[in-house]
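Breakdown of the fold
For reference, the chains in residue letters:
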Amino acid sequence: MARLHFLKSGLQTTIQDLGRQGVQDLGIPINGAMDKASAQLANQLVGNDTNSPVLEITLLGPKIQFEGQCQIAITGANLSAEINGNIIPQFRTININHGDMLSFRKPVTGCRAYLAINGRWDIQSWLGSYSASATNTVQTTPDSVIKKDQILEIISGKQQSVISIPQSERPSLSIEAPLKVYPGPEFEAFSAIEKQCFFGNRFTIGQDSNRMGYRLKEALKGYTQKEEVISSGVIPGTIQITNSGQPIVLMADAQTTGGYPRIANVSSPDLDRLAQFKPGDTVRFELISFK
Amino acid sequence: MKIVPFGDSALLVNFEQKIDEVINNQVLSLYKQLQEVKEVTFLIPAYCSLTVGFGEQTSIKALSEQIEELTSKSQSTDLDLNTKLIEIPVCYEAPYALDMNEVTEKTGLTQQEIIDTHCQETYKVYMLGFVAGFAYLGSLPEQLFCPRKAEPRKEVLAGSVGLAGLQTGIYPANAPGGWQIIGRTPIPTFNPKAEKPTLFKAGDAVKFKSISSSEFEEIEKQVSSNTFNLEEYYG
């Protein structure tokens, strides 16, 4: 058994797996890791099932004291992880000894890092998922939003040989390449000028962005309000345009229905990539068609 | 009916775009049939559309064909969703009926007429959404038509019963919202400890019953001390 003692919680540290699918008919969000590819890679590096829980660490990481031995791996954003004050490599299995201290310094690239730990996590699940539920957290997933002084127990799994993922196979943290999007259900309701504006400009990710949605600062120029859509499903990756012409990209904790016109949907791999964009970063969209 | 791709891992099935019980039954009929399809990862039935999430074992094309086939074979009159009639006690008095004055002004009805009209109808749960367990109930009698509040509240308390257009609904948790609040129920409509955590599911029927503030307080006390028979509602 290994025990993690959180001396600091970090800015926003939550436990996530691949989400709570299958209860959206009850209005319950999917939740789960924002960058699923990185979460899965972290689990692979420690020999866990890819849907196992991981810690999603946002920009400023926690400070964790380990009791007992275990194996960990960190993927996703580079948030300057250190063990006992020495920088450790990412995308690599790391053996942890009793008394080791994991801490983070400045964020270097990306927004969210994923920490996997070999073994079974002793935490409460809700509706088939360990992911922090954005609604009624205290009653549903009290262990999954990390607080100062929290203790997390892991029933250690079988010792793995140390492996590492070569640079070329790691998910890109580039914020330069445009995000590939498919036309959304109301794509045709937008004028040629509005579409041109959407695909021809860069948008800044607003400070009020979170796990529910990324609000983009710039409104579509000269946007004319569309006829209201009768409330209909929305999913992570859906880009809605509000009445003022402002795009919102829905993310993992998004509600399940909405009434704004849906101009596009971000492709799954690029939605993982978008999870690594920070408020203040800029983004461009590129239209792709269905195969 | 029209099937359109919705990103790379979902489809959107659009029915005639109208809030209508018959059209919603078509949505719910397909929703029920697709629950049996193992490649389907999640479903979001709405007023007149169904969002269908799918995994890697199928494709946009294969699943679209499967849906076409299902809908061509079945009739929405076959619908058996195992739905129930749920009676919800509501106190329409202060301090729960925050917007009763505004609603009397907007509708031209008296408070008693609003209560009687709200309680006389049996409503259908058209869909759930907005927050976990929020049921969109319709349709309100035309006399109760009332636009949303000009300024949404930052927080509406759980249990609040509201009106918006021709819809009515109950807030399952404290949440921001712009519906006109005419009362509150002491019955929790979201119960995370229950196997099925929401009181309502799409297709259910709902009727409201007016209770006094002392009855409200009595039920509220029983709910918080776990002596209230919630099974009767959630069973």
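Residues numbered from 1 in each chain as written. Chains lettered and ligands numbered in written order. Predicted model: local features only at pLDDT ≥ 70, side-chain atom pairs only at ≥ 80, totals over all residues. Heavy atoms only, no water.

Take the domain arrangement of chain B next. For an interface, size is often stated in terms of accessible area lost upon the parts coming together. Residue and element names in this part refer to chain B. The domain boundaries assigned to chain B delineate domain 1 (2–78) and domain 2 (85–234). Distance between the C-alpha centres of domain 1 and domain 2: 29 Å. Counting residues at the interface gives nine residues for domain 1, matched by eight residues for domain 2. Of the roughly 760 Å² buried at the junction of domain 1 and domain 2 (both faces included), carbon and sulfur atoms supply 60%. Applying the counting criterion to the domain 1 and domain 2 interface returns zero salt bridges. The element best represented in the side of domain 1 that touches domain 2 is helix H1 (residues 21–34), accounting for four residues. (Domains from an automatic or database assignment. Contact = heavy atoms within 4.5 Å. Buried area = accessible area lost by both parts, 1.4 Å probe. Salt bridge = Lys/Arg side-chain N within 4 Å of Asp/Glu carboxyl O. Helix = DSSP H or I, 4+ residues; strand = E, 2+ residues; numbered from the N terminus.)

As a further point, take the pairing of strand E1 (residues 2–5) of chain B. Residue and element names in this part refer to chain B. Both E1 and strand E2 (residues 10–14) contribute to a ladder of four bridges, which runs antiparallel. Bridge pairing links Lys2 to Asn14 in E2. Two successive antiparallel strands, E1 and E2, enclose a turn made up of four residues, where Gly7 displays a positive phi of approximately 75°. (Pairing = 2+ DSSP bridges.)

Turning our attention to the packing of aromatic side chains. Overall, the coordinates contain 19 aromatic pairs over all chains when judged by the stated rule. Aromatic pair Tyr182(A) and Phe290(A): ring centres 4.6 Å apart, planes at 10°, arrangement stacked. Here Tyr182(A) is found in strand E13 (residues 179–183), whereas its partner Phe290(A) is found in the segment after strand E22 (285–287), with 108 residues between them in sequence. Given a relative accessible area of 10%, Tyr182(A) falls into the buried group. An angle of 75° between the planes, with centres 5.5 Å apart, marks the rings of Phe134(B) and Tyr171(B) as edge-to-face. Note that Phe134(B) is positioned in the loop between strand E6 (123–128) and strand E7 (135–138) and Tyr171(B) in the loop between strand E10 (167–170) and strand E11 (175–177), a separation of 37 residues in sequence. For Phe134(B), a relative accessible area of 1% corresponds to the buried category. Pairwise contacts between aromatic rings join Tyr47(B), Tyr126(B), Phe130(B), Phe134(B), Tyr136(B), Tyr171(B) and Trp179(B) into one cluster. Note that Lys124(B) overlies the ring of Tyr126(B), its terminal NZ or CZ placed 5.2 Å from the centroid. (Phe/Tyr/Trp six-rings, centres within 6.5 Å; stacked < 30°, edge-to-face > 60°. Buried < 20%, exposed > 50% of the residue type's maximum accessible area, 1.4 Å probe, protein only. Lys NZ or Arg CZ within 6 Å of the ring centre and 35° of its normal.)

Moving on, we come to the packing of helix H3 (residues 100–107) of chain B against helix H4 (residues 111–120) of chain B. All names here are of chain B. At their nearest, the axes of H3 and H4 sit 9 Å apart, and the two run at 90° to each other. Looking at the two axes, H3 sits roughly perpendicular to H4. On H4, the residues touching Met100, Val103, Thr104 and Thr107 of H3 are Gln111, Ile114 and Ile115. Counted by class, the contact of H3 with H4 contains four nonpolar, three polar and no charged residues. (Axes fitted to C-alpha atoms, helices over the stretch in contact; angles between N-to-C directions. Parallel < 35°, antiparallel > 145°, perpendicular 65-115°, else oblique. Nonpolar A, V, L, I, M, F, W, Y, C, P; charged D, E, K, R; others polar.)

What follows covers the domain arrangement of chain A. Residues and elements named next belong to chain A. Here chain A is partitioned into domain 1 (2–169) and domain 2 (179–287). Here domain 1 and domain 2 have C-alpha centroids that lie 28 Å from each other. Counting residues at the interface gives 24 residues for domain 1, matched by 15 residues for domain 2. Across the interface of domain 1 and domain 2, roughly 1400 Å² is buried in total on both sides, 53% from carbon and sulfur atoms.

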